[in-house]
Every structure is written in structure tokens, then in C-alpha cells.
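Take a look at the letters that make up each chain.
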Amino acid sequence: MRAHNFNAGPSTLPTEVLEKVKNELLDYEGTGISVMEMSHRSPEFSDILASAKKNLKDLLNINDNYEILFLQGGASHQFFMFPMNFLTKDKKADYIDTGAWSSKAIKEAKLFGNINVLFSSKDANYNRVPSWNELEISNDAEYCHITSNNTIFGTRFKDFGDPNITKLVADMSSDILTRPFDINKFYMVYGGAQKNLGPSGVTFVIIRKDMIEKANNGLPTLLQYKTHIEKDSLFNTPPSFGIYIIKLVTEWAIKNGGIDFLEKESKKRADMLYEVLDSSDFYIPTSDKDSRSLTNITFRFKDESLEKPFIDEAKKQGLIGLKGHRSVGGIRASNYNAMTTEGIKKLIEIMKSFENK
Ligand SMILES: *Cc1c(COP(=O)(O)O)cnc(C)c1O
């Protein structure tokens with residue numbers, strides 16, 4: 001029996017997708033081999049890569065000024081790769097510090113340029129993100145970096161500011177494919193696939209193609225975006241099996257109604273859970289109402305000693321991965337696209353009966 005998997009990442013994938021992987025594992029479409037065993041330069045893999053890119057492009061409404069890349073090294077690799085390509089010691093970038101991942105991105109960027117932290121909610125244990133009118137993006141900044149959804153603290157930017165903001169760089173690891181956004185506001189969007197898009201080992205990067213004209217010279221070939229754009233993610237062996245799973249997940253997403261449907265559904269599930277949190281003083285949500293994440297719902301117990309028994313009880317009933325990150329404590333229920341309404345209902349049922357007990 002499949003568990004209801006609330007892990008923050010790697011995380012739940014659609015059962016339908018896993019069934020398909022299983023069916024195709026030994027013999028992919030009559031080739032007699034697995035995608036794992038296939039040359040990344042074969043016509044079959046070329047089709048897989050092209051479909052994964054096209055599906056993402058269609059789902060997110062990405063225009064031809066942008067290139068989609070599948071790289072390795074995780075979101076953490078992009079923390080330094082972007083500044084390495086676009087900053088120098090006399091150039092400046094704005095960063096918004098809304099959690100552990102933002103501050104890691106800041107730490108790496110400082111190795112390459114002058115980093116201006118526009119906002120930080122660190123003193124309030126990162127319980128919120130700023131509103132755009134609290135921020136003044138520097139005219140002389142090369143770009144402004146944000147973490148669109150803060151996986152650990154359960155907060156997110158509800159929107160990406162007014163249309164004249166067009167130099168954002170966003171870590172969208174944990175909310176990609178949960179809402180439509182206007183790509184024209186971004187120089188680059190990136191993240192690890194393992195939260196909402198596929199398995200670990202693949203990093204998605206959506207970068208404005210003309211950025212390469214501004215990139216620094218003299219970097220190792222593998223660390224230049226230019227290389228990966230020119231070679232269509234095939235400069236060296238890409239994470240091919242992971243790309244195949246992204247293809248299947250995006251196919252599943254399109255078949256199920258696309259981005260508007262996914263957004264509506266994840267909002268519906270998140271609202272159900274927040275409603276329970278708001279109507280009880282037994283459970284305490286940790287993030288500000290205006291900053292609440294749809295994908296990572298964090299809360300604590302009024303009586304902290306109940307945390308462990310709750311997690312144990314949930315586990316007994318087939319719900320796993322609910323323990324909050326050590327820096328926040330409490331519970332984190334991750335609500336990615338493959339989470340089901342049934343899973344959320346089950347969680348709510350357990351929460352209610354646990355409270356009554
Ligand atoms: C998980 C996560 C990361 C780290 O991703 P890796 O692929 O492990 O490097 C970075 N940022 C956010 C927002 C995340 O959720």
C-alpha cells in the first residue's frame with residue numbers, strides 16, 4: 001500500500017507516473033532496454049528531452065526568449081553558478097532573505113560580488129515574506145534574487161511585484177508548477193526537481209537566452225550557461241533517467257488540466273488544512289497569514305510534548321514525512337501536486353481526533 005507522503009523533498013510523485021515507469025522499466029517502447037541504459041544521444045532520448053522541455057514550456061507559458069536546461073548539482077549549485085556568471089567584485093546584486101535557502105544563496109553570492117540584502121525576516125524566525133512595496137530594488141543592481149517559496153518556514157511570495165520589475169532571479173524549487181507566472185519578469189528561474197517536478201539529481205533552469213552576452217569570460221566550460229544553452233543540456237551526460245521522469249510528470253500535469261487546475265487543486269487542499277489550523281488553538285500555524293505557502297504548511301502544537309506522539313500516530317495510519325525542519329520544529333505537511341485530497345482529509349481527520357483525545 002502506498003503511504004500518504006508529506007515529505008518536503010524528495011517527495012511524493014503521482015502514482016500513475018510511477019506505474020508507467022514500472023511498466024517501461026525493462027523495455028522502453030520496444031527498444032529492449034531501460035531509459036537508464038540508453039545513450040543520451042539516441043533518437044529515443046532526444047524525444048524524451050524535447051518532450052520534457054516542451055511540456056514545461058507549455059505548462060508555464062515560456063516564450064522563445066528563454067531556454068530550459070536540465071543540469072546537475074541541485075538548486076545549491078545555482079546559488080553560486082548564477083553569481084559566478086554575472087557578478088564581479090565591483091558589481092552589485094539585491095537579495096531578499098526569507099529563509100535558510102535564501103541565506104545560503106546569499107552566502108555563495110558574496111564570494112563573487114557586492115551583495116545588498118534588501119529585506120530579512122530572520123529576527124522573526126522567517127515567519128513572513130515582504131510585500132513588494134516594502135522593497136526598493138536598486139537601480140544599479142545586476143539582478144534581484146528571491147526564494148519564491150520557503151520550504152522550511154512555510155511561506156511564499158503571493159506574486160512577483162508590478163510588471164516593471166524585470167530582473168528577478170528566483171529559486172522556485174518548492175513551488176514550480178503550482179501557479180502561473182510571467183516569465184518576462186525573470187532573468188532566470190531555477191530549482192531542484194525533487195520537490196514538485198521529478199526525482200532528485202535534476203536541476204531545472206529557465207534562463208533568458210540573451211543573458212549569455214553579459215556573462216563573465218574565462219569560466220570553466222561546464223560552469224557557463226552558454227555551454228548548456230548551445231548544447232541543449234547535452235554538453236556532458238545529463239541526468240537522463242530524471243529527465244524522463246520529468247517528462248512523465250509534466251505529461252500527467254497537462255493531462256490533468258494544466259497549471260490552472262494544479263493551482264486550484266493545491267489551493268483547495270491547502271485551504272482545507274489552514275482552516276483547521278485557524279479554528280483551533282491546539283495547533284498554531286507558524287507563518288503570517290499573508291505569506292502562507294500552499295506547498296509547505298507548517299504548524300506547531302501549543303503543547304510541544306504532543307509533537308512526537310502525533311507524528312507516531314500519523315505514521316501508524318499511513319501518513320509519513322510530517323516532522324518539521326529542525327529550525328522550526330513542529331509539523332510540516334508538504335502539499336505538492338501529487339498530494340491527494342484524500343491524503344489531506346486523512347491528515348485533518350487524525351488532527352481532529354488527536355485534539356479531542
Ligand atoms: C530543497 C531546496 C533547495 C536545495 O536544493 P538542492 O537540490 O538540494 O540543492 C534550495 N532551495 C529551496 C527553496 C529548496 O526547497
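Residues numbered from 1 in each chain as written. Predicted model: local features only at pLDDT ≥ 70, side-chain atom pairs only at ≥ 80, totals over all residues. Heavy atoms only, no water.

### Re the overall build of the protein chain
Along its length, the protein chain carries nine helices and 14 strands. Scaling as 2.2 N^0.38, a compact globule of 357 residues should have a C-alpha radius of gyration of about 21 Å, and the protein chain matches this with 21 Å. Per-residue burial over the protein chain gives 55% buried out of 357 residues. In the form shown here, the protein chain has an accessible surface area of approximately 15,800 Å², with 49% of it arising from carbon and sulfur atoms. (Helix = DSSP H or I, 4+ residues; strand = E, 2+ residues; numbered from the N terminus. Rg over C-alpha atoms; globule rule 2.2 N^0.38 Å. Buried < 20%, exposed > 50% of the residue type's maximum accessible area, 1.4 Å probe, protein only. Areas by Shrake-Rupley, 256 points an atom, 1.4 Å probe, with all protein chains shown as cover.)

### Some thoughts on the site of the ligand
With respect to spatial proximity, 13 residues lie near the ligand, and among them Ser76, Thr151, Asp171, Gln194 and Lys195 are the closest. Between the ligand and the protein, one listed contact pairs an oxygen atom with a backbone N or O atom of Ala75 at 3.1 Å. One of the side-chain nitrogen or oxygen atoms of Ser76 is found 2.6 Å away from an oxygen atom of the ligand. Within the complex, the protein chains bury 87% of what would otherwise be the 380 Å² of accessible surface of the ligand. Here the shell around the ligand takes four residues from helix α3 (residues 74–86), the largest share from any one element. (Near = heavy atom within 4 Å. Polar contact = N/O pair within 3.5 Å; in protein donor to acceptor, adjacent residues only side chain to side chain.)

### Focus on the pairing of strand β8 (residues 168–171)
Residues Leu168 and Ala170 line one face of β8 and the alternating positions Val169 and Asp171 line the opposite face, and both faces are buried. Relative to β8, strand β5 (residues 141–147) runs parallel, the two being bridged by four bridges. Counted as the bridge partner of His145 is Val169 from β8. Here four bridges tie β8 to strand β9 (residues 186–192), and the two strands are oriented parallel to one another. Following the sheet pairing, Asp171 is matched in β9 by Tyr190. (Pairing = 2+ DSSP bridges.)

### Here's the deal with the packing of α3 against helix α4 (residues 100–109)
To describe two helices that pack against each other, one gives the angle between their axes and the distance between the axes. For the pair α3 and α4, interaxial distance at closest approach is 8 Å and the crossing angle is 40°. Classified by chirality, the crossing of α4 by α3 is right-handed. For the pair α3 and α4, the contacting residues are Ser76, Phe79, Phe80 and Pro83 in the first and Trp101, Lys104, Ala105, Glu108 and Ala109 in the second. Looking at side-chain class alone, the contact of α3 with α4 contains six nonpolar, one polar and two charged residues. (Axes fitted to C-alpha atoms, helices over the stretch in contact; angles between N-to-C directions. Left-handed = near helix turned anticlockwise from the far one by under 90°. Contact = heavy atoms within 4.5 Å. Nonpolar A, V, L, I, M, F, W, Y, C, P; charged D, E, K, R; others polar.)

### Looking at the environment of Lys357
In this structure, Lys357 sits in the segment after α9 (341–356). C-alpha of Lys357 to C-alpha of Ile245: the two residues are 112 residues apart in sequence and 42 Å apart in space.

### Overview of the domain arrangement of the protein chain
Domain boundaries in the protein chain define domain 1 (16–255) and domain 2 (258–356). Averaged C-alpha coordinates put domain 1 and domain 2 at centres separated by 27 Å. At the interface, 25 residues of domain 1 touch 25 residues of domain 2. Buried surface at the junction of domain 1 and domain 2, both sides included, amounts to about 2,100 Å², of which 52% is carbon and sulfur. Looking only at domain 1, the three residues that lose the most surface to domain 2 are Ile152, Arg156 and Thr178, adding up to 24% of its buried area. In this assembly, domain 1 and domain 2 are joined by zero salt bridges. Counting every contact that joins domain 1 to domain 2 gives 14 residue pairs in polar contact (both at pLDDT 80 or more). (Domains from an automatic or database assignment. Buried area = accessible area lost by both parts, 1.4 Å probe. Salt bridge = Lys/Arg side-chain N within 4 Å of Asp/Glu carboxyl O.)

### What about the sheet that holds strand β14 (residues 331–334)?
Taken in spatial order, the three strands of this open sheet run β11-β12-β14, and their pairing is antiparallel. Of all strands in the sheet, those with a lone pairing partner are β11 (283–285) and β14, marking the two edges. Ignoring strand direction, the axes of neighbouring strands in this sheet form an average angle of 35°. Pairing of strand β12 (residues 296–301) with β14, which is carried by four bridges, proceeds in the antiparallel orientation. Paired with Thr298 across the two strands is Arg332, which belongs to β14. Each of β11, β12 and β14 is contacted by helix α8 (residues 307–316), which is oriented at about 35° to β14, the strand it contacts most. Helix-sheet contacts for α9 involve β11, β12 and β14, and the interaxial angle to β11 is about 130°.

### Re the pattern of salt bridges
According to the stated counting rule, one finds 18 salt bridges in the structure shown. Its salt-bridge partner being Arg292, residue Asp278 comes within 2.8 Å of it at the nearest N-O pair. Here Asp278 is found in helix α7 (residues 258–278), whereas its partner Arg292 is found in the loop between β11 and β12, with 14 residues between them in sequence. For Arg292, a relative accessible area of 14% corresponds to the buried category.

### Comments concerning the side chain of Ser233
Locating Ser233 in the fold gives a position in the loop between α5 (225–230) and α6 (240–255). At 3.0 Å, the side chain of Ser233 forms a polar contact with the backbone nitrogen of Phe70. Not counting residues within four places of it along the chain, the set of residues in contact with Ser233 comprises Ile68, Leu69, Phe70, His228 and Pro238.

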